[in-house]
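A closer look at the structure
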Amino acid sequence: MATTACFIIVSRNDIPIYEAEVGSTVKREDAAHLHQFILHAAQDIVQDLAWTTSAMFLKAIDRFNDLVVKLFLNLVSIHTRLMLLHDSRNDDGIKSFFQEVHELYIKTLLNPLYLPGSRITSSHFDTKVRALARKYL
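Since the model is a prediction, treat every value here as computed from it, not as a measurement.

In this structure the tally under the stated criterion is 4 salt bridges. In this structure, Lys-107 and Glu-103 form a salt bridge, with 3.7 Å as the shortest nitrogen-oxygen distance. Here Lys-107 and its partner Glu-103 are both found in helix H2 (residues 91-109), 4 residues apart, which amounts to about one turn of the helix. The residue Asp-126 makes a salt bridge to Arg-130 at a minimum N-O spacing of 3.1 Å. With Asp-126 and Arg-130 both in helix H3 (residues 123-136) and 4 residues apart, this pair spans about one turn of that helix. A relative accessible area of 23% means that Asp-126 is categorised as partly exposed. Note on Arg-130: relative accessible area 29%, which makes it partly exposed.

Below, the structure is given as structure tokens:
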């Protein structure tokens, strides 16, 4: 597993609907805030890239020290962005992680009790995302 990883799903209105620190390092007090700041700052780059590319998986859209922001876009139907801040070099594992979490998110959208764009508070979703992070990152 990556020593540092922060995963976030951002809705069409630029609102984070799911966040998880999935790394294995000892957590510093300010690390979560720093990770959120880096991912938020990368949103401007994401908005620019969304109009210039048709690819769903974008490698290394932003960097901060040894941390890299990677992106999985779904602009066709649900306009969400899956973003991962990490320090690992496992591109194939990250792509697989994004694909499986995207599938899990689609299943969540199909739930009639879930309001699209609202925060994902399901413990089942959180457990699955963390298990996928352990498997692929």
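Right, let's get into the nonpolar core. Formed by 25 residues in total, the largest nonpolar core has its most connected members in Phe-7, Ile-9 and Phe-97. Counting residues per element, the ones that place at least two in this core are strand E1 (5-10), strand E2 (16-21), strand E5 (80-86), H2 and H3. Broken down by element, the residue count for this core peaks at 7 residues, all from H2. With near-sequence residues (within four places) excluded, Phe-97 lies in contact with Phe-7, Leu-84, Val-129, Leu-132, Ala-133, Tyr-136 and Leu-137. If you look at the next biggest cluster of nonpolar residues, it comprises 14 residues, including Cys-6, Leu-39, Ala-42 and Leu-71.

Conventions we followed
- Residues numbered from 1 in each chain as written.
- Predicted model: local features only at pLDDT ≥ 70, side-chain atom pairs only at ≥ 80, totals over all residues.
- Heavy atoms only, no water.
- Salt bridge = Lys/Arg side-chain N within 4 Å of Asp/Glu carboxyl O.
- Helix = DSSP H or I, 4+ residues; strand = E, 2+ residues; numbered from the N terminus.
- Buried < 20%, exposed > 50% of the residue type's maximum accessible area, 1.4 Å probe, protein only.
- Core = buried A, V, L, I, M, F, W, Y, C linked by side-chain atoms within 4.5 Å.
- Contact = heavy atoms within 4.5 Å.

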